Amino acid sequence: MIEKFTGIVLRTLKYNDNLMIADIFTETRGRLSFLVPVSRSKSSKVKSMLFQPLSMLSFNAAYKQGGKMVRLSEARPYVMYSSIPYEPCKAAVALYIAEFLTRALREESDNAAIFTFLEYSLRWFDEAADGFANFHILFLMRLTRFLGIAPNLEDSVTGRGYFDLSAGCFVAVQPLHGNFLTAPQAADFFSLMECDYDDVSRFAMNRKLRWEFLDVIQRYYRLHLPDFPELKSAEVLKELFD
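Let us look at the structure shown here.

Now for the packing of aromatic side chains. All told, the structure shown has 20 aromatic pairs when counted by the stated rule. Seen from their ring centres, F100 and F228 are 4.9 Å apart, and the 50° between their planes marks the pair as tilted. Taken together, the positions of F100 in helix α1 (residues 88-104) and F228 in the loop between α6 (207-224) and α7 (232-241) put the pair 128 residues apart, joining distant regions of the chain. Each member of the pair, F100 together with F228, is buried. One aromatic cluster is present, built from ring pairs that chain together F117, Y120, W124, F125, F132, F135, F139, F146 and Y197.

Here the focus is empty space enclosed by the protein. Under the criterion given, the structure shown has one cavity of 30 Å³ or more. In this model, the largest cavity occupies a volume close to 50 Å³. Along the walls of the largest cavity sit M141, T144, P151, F189, M193, I217, Y220 and Y221, which together make up its complete lining. For the lining of the largest cavity, the secondary-structure elements that each account for two or more residues are α3 (135-147), α4 (183-193) and α6. Residue contributions to the lining of the largest cavity peak at three residues, all from α6. By residue class, the composition of the lining of the largest cavity is seven nonpolar, one polar and no charged.

What follows deals with the layout of surface pockets. To find leftover empty space, one rolls a probe the size of a water molecule over the atoms. In this structure, the largest pocket encloses a volume near 360 Å³. Among the elements that make up the lining of the largest pocket, the one with the highest residue count is α1 (three residues). A class-by-class count of the residues in the lining of the largest pocket yields 15 nonpolar, two polar and no charged.

The rules behind the values
Per chain, the residues get numbers from 1 upward, laid out in the order the sequence is written. Per-residue local features of the predicted model are confined to residues with pLDDT of at least 70, and side-chain atom pairs are confined, for both listing and counting, to 80 or more; whole-chain, interface and lining totals are unaffected and use all residues. Neither water nor hydrogens contribute to the side-chain values; these are computed over all heavy atoms in the structure. Note on aromatic contacts: the rings of Phe and Tyr and the six-membered ring of Trp form a pair at centre separations within 6.5 Å, being stacked when their planes are under 30 degrees apart, edge-to-face when over 60 apart, and tilted otherwise. Secondary structure is summarised from DSSP: a helix means a run of H or I of at least four residues, a strand means a run of E of at least two, and numbering begins at the N terminus for each. Categorising residues by exposure relies on relative accessible area from a 1.4 Å probe, with only protein chains included: less than 20% of the type maximum marks a residue as buried, more than 50% marks it as exposed, and the intermediate range marks it as partly exposed. Of the grid points, spaced at 1 Å and generated over the protein atoms alone, those admitting a 1.4 Å probe that cannot get out make up cavities, while open sets with protein on both sides within 12 Å along at least five of seven lines make up pockets; any residue with an atom within 4 Å of a point is treated as lining. Grid points are joined across faces, edges and corners, and a volume is the space filled by probe spheres set on the points. Each residue gets one label: Ala, Val, Leu, Ile, Met, Phe, Trp, Tyr, Cys and Pro are nonpolar, Asp, Glu, Lys and Arg are charged, and the others, such as Gly, are polar.

See the structure below:
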């Protein structure tokens with residue numbers, strides 16, 4: 001039976017000369033993989049050029065239990081970005097976020113809350129004319145809430161304690177392992193977690209501190225998500241902004 005889907009493209013992979021595989025996080029069925037015809041014909045109902053990382057699409061496809069891939073029968077933009085594909089800095093951040101989500105959103109699940117968060121975040125990023133330099137950092141920190149690995153910010157001892165990355169909470173005594181933040185770092189971490197996107201531009205962060213935060217977040221994910229890898233696009237992002 002043909003279903004109508006709304007989804008966010010995570011990545012595409014070549015399948016053969018005529019087909020590619022698109023991993024898409026859908027609003028109703030979580031992450032799924034579809035076969036997409038590679039066609040440049042103006043009359044085609046599925047244009048492969050639409051399937052760029054983080055593109056938001058509406059499409060039709062037959063859904064089959066068990067993860068068996070099926071072809072998309074029709075696809076069109078659900079949200080038309082006005083800046084993300086065209087501004088080099090935003091495009092680089094989008095590629096990084098897409099790779100991050102590809103690794104983090106692993107399970108097929110019916111989680112409309114994640115989709116709503118992703119859609120809202122990407123719309124904000126696309127519409128932001130300035131003040132978005134720290135967007136990707138806050139985005140990844142907020143994403144932890146939807147993956148069940150959010151840091152415990154209750155009973156914090158920020159300003160005089162440490163943040164234990166392994167335990168995901170603030171502690172008063174320095175952990176014996178090396179996965180922790182010092183008191184000043186922990187205080188900044190707490191403050192950033194309390195920000196909204198509209199507030200994050202007011203969080204003072206130079207380039208060095210921004211990369212330190214990004215490294216901390218990636219370490220946190222590797223500690224709490226099994227087999228979460230080093231991301232290739234992180235280095236690309238760093239080289240571009242450097």
